[in-house]
Amino acid sequence: MALCSRRPTRVPLLTKRHRQLRLQWASEHRDWTMDEWKRVAWSDEFRFLIHHVDGRVRVRRLLGEQLLPSCTAGHTQAGGGCIMLWCTFSWAALGPVVVVEQTMKAANYLNIIVNQLHPYMAFVFST
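Residues numbered from 1 in each chain as written. Predicted model: local features only at pLDDT ≥ 70, side-chain atom pairs only at ≥ 80, totals over all residues. Heavy atoms only, no water.

(A) Highlighting the overall build of the chain. Along its length, the chain carries three helices and five strands. Counting only residues that meet the buried cut, the chain has 16% of its 127 residues in that class. Taking as baseline every contact in the chain between residues at least 6 positions apart, the subset at least 24 positions apart corresponds to 67%. (Helix = DSSP H or I, 4+ residues; strand = E, 2+ residues; numbered from the N terminus. Buried < 20%, exposed > 50% of the residue type's maximum accessible area, 1.4 Å probe, protein only. Contact = heavy atoms within 4.5 Å.)

This is the structure in structure tokens:
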């Protein structure tokens, strides 16, 4: 009875369609000037772990058992904690840093865009 892995099956974060859209976007913007790029703001969210414990589920499973609930029951790692932050920046200025108190879902993300990113963009790019 050989064990094949100690971690749950991982799925790709980007689908083939996501990769196509990113390549298309890059192709459409490859000839932008420095002045055009200076009018762009970038944003992202990131989860910071506290005490190096990520709360991931550790599993023991046989080949072919990747997603069976019986392989993961009772094997969560306790302790630690994390904080999720969203932030933005541009050529002109650093933007706000927001503590995300809930799971980052579409509604939460749109609230951050409306309440944080839009005012930042209006201030930085008011000309």
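(B) Looking closely at a nonpolar patch on the surface. Nonpolar side chains collect at one region of the surface, where Trp25, Trp42, Phe89 and Leu94 lie side by side and expose about 470 Å² of accessible area between them. Along the chain, phenylalanine 89 falls in strand β4 (residues 82–90). (Patch = residues over 30% accessible without salt bridge, like charges linked within 9 Å, V, L, I, M, F, W, Y side chains within 5 Å. Areas by Shrake-Rupley, 256 points an atom, 1.4 Å probe, with all protein chains shown as cover. Salt bridge = Lys/Arg side-chain N within 4 Å of Asp/Glu carboxyl O.)

(C) Seen up close, the side chain of asparagine 108. By the secondary structure assignment, asparagine 108 is in helix α3 (residues 106–124). Asparagine 108 gets classed as buried once you look at its relative accessible area, which sits at 15%.

(D) Representation of the environment of isoleucine 113. As for its placement among the helices and strands, isoleucine 113 is situated in helix α3. Take isoleucine 113: its relative accessible area is 13%, and that puts it in the buried class.

(E) Spatial organisation of the sheet that holds strand β2 (residues 41–49). Here we have three strands laid out as an open sheet, ordered β2-β4-β5, and antiparallel in their pairing. The open sheet terminates on both sides in strands that have one partner only, identified here as β2 and β5 (94–100). Sheet twist, expressed as the mean angle between neighbouring strand axes with direction ignored, is 20 degrees. The pairing of β4 with β5 spans five bridges and is antiparallel. Following the sheet pairing, phenylalanine 89 is matched in β5 by leucine 94. Relative to the sheet, α3 contacts β2, β4 and β5, its axis offset from that of β4 by approximately 30 degrees. (Pairing = 2+ DSSP bridges. Axes fitted to C-alpha atoms, helices over the stretch in contact; angles between N-to-C directions.)

(F) Region of the structure containing the side chain of threonine 88. Relative to the elements of secondary structure, threonine 88 occurs in strand β4. You can call threonine 88 buried: its relative accessible area is 3%. Only 2.7 Å separates the side chain of threonine 88 from the backbone oxygen of tryptophan 42, close enough to count as a polar contact. Excluding anything up to four places from it in sequence, threonine 88 contacts Ala41, Trp42, Ser43, Leu94, Gly95, Pro96, Leu117 and Tyr120. (Polar contact = N/O pair within 3.5 Å; in protein donor to acceptor, adjacent residues only side chain to side chain.)

(G) Here's a closer look at the nonpolar core. The biggest cluster of nonpolar side chains holds nine residues, and these are Trp86, Val98, Val100, Ile112, Ile113, Leu117, Tyr120, Val124 and Phe125. Apart from residues no more than four positions distant in its own chain, isoleucine 112 is found in contact with Trp86, Val98, Val100, Met104 and Leu117. (Core = buried A, V, L, I, M, F, W, Y, C linked by side-chain atoms within 4.5 Å.)

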